[in-house]
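# A structural walkthrough
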Amino acid sequence: MCRALGASTYLTGHGALNYLDHESFEAAGIAVEYVNYDLTPYPQLHGPFEPYVTVLDLMANTGGAAPAHIRATTVPWRAMLARRQRA
């Protein structure tokens, strides 16, 4: 799909570390990068702040202010894999 659309980068979440064939993407000239995000706590309806929920929770609880709560960068797959191995 990435090749068909002319993509040069595939951006994905942390779970893909468990199954993605990074080398195949690299061989096809497509960089794989992981989203490294940090959320500013926001009021949630039930219990203490839980950051590992769907973005829909953020949107439902903060409305138009949602983007102000997200700080995100990307990390190349080799660096993300190295982080996981150190943990």
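Up top is the structure these notes are about.
Since we're looking at a predicted model, the values are computed, not measured.

Once that is clear, we can look at the pattern of salt bridges. Evaluation of the coordinates by the stated rule reveals one salt bridge. We note a salt bridge from Glu26 to Arg78, for which the minimum N-O separation is 2.7 Å. Taken together, the positions of Glu26 in helix α1 (residues 22-27) and Arg78 in helix α3 (residues 77-86) put the pair 52 residues apart, joining distant regions of the chain. We classify Glu26 as partly exposed; its relative accessible area is 39%.

On to the environment of Tyr42, then. Secondary-structure assignment places Tyr42 in the loop between β2 (31-39) and α2 (55-62). When its relative accessible area of 4% is taken as the criterion, Tyr42 is described as buried. Along the backbone, Tyr42 and His69 are 27 residues apart, and their C-alpha atoms lie at a distance of 7.4 Å. Tyr42 has contacts with Phe49, Val53, Asp57, Leu58, Asn61, Thr62 and His69, leaving out every residue within four places of it along the chain.

Here we come to the sheet that holds strand β3 (residues 70-76). Sheet strands pair by backbone hydrogen bonding; their relative direction is either parallel or antiparallel. Spatial strand order, β1-β2-β3: three strands in an open sheet with mixed pairing. Each edge of the open sheet carries a strand with a single partner, namely β1 (9-12) and β3. Between one strand axis and the next, the sheet turns through 30° on average, direction left out of account. Here α3 sits on the sheet and contacts β2 and β3; the angle it forms with β3, its principal contact strand, is near 100°.

Let's shift gears to the packing of aromatic side chains. Within the structure shown, the criterion is met by two aromatic pairs. Ring geometry for Tyr42 and Phe49: centres 5.1 Å apart, planes at 80°, overall edge-to-face.

Reading the values: the criteria
- Residues numbered from 1 in each chain as written.
- Predicted model: local features only at pLDDT ≥ 70, side-chain atom pairs only at ≥ 80, totals over all residues.
- Heavy atoms only, no water.
- Salt bridge = Lys/Arg side-chain N within 4 Å of Asp/Glu carboxyl O.
- Helix = DSSP H or I, 4+ residues; strand = E, 2+ residues; numbered from the N terminus.
- Buried < 20%, exposed > 50% of the residue type's maximum accessible area, 1.4 Å probe, protein only.
- Contact = heavy atoms within 4.5 Å.
- Pairing = 2+ DSSP bridges.
- Axes fitted to C-alpha atoms, helices over the stretch in contact; angles between N-to-C directions.
- Phe/Tyr/Trp six-rings, centres within 6.5 Å; stacked < 30°, edge-to-face > 60°.

Structural measurements only, silent on function.
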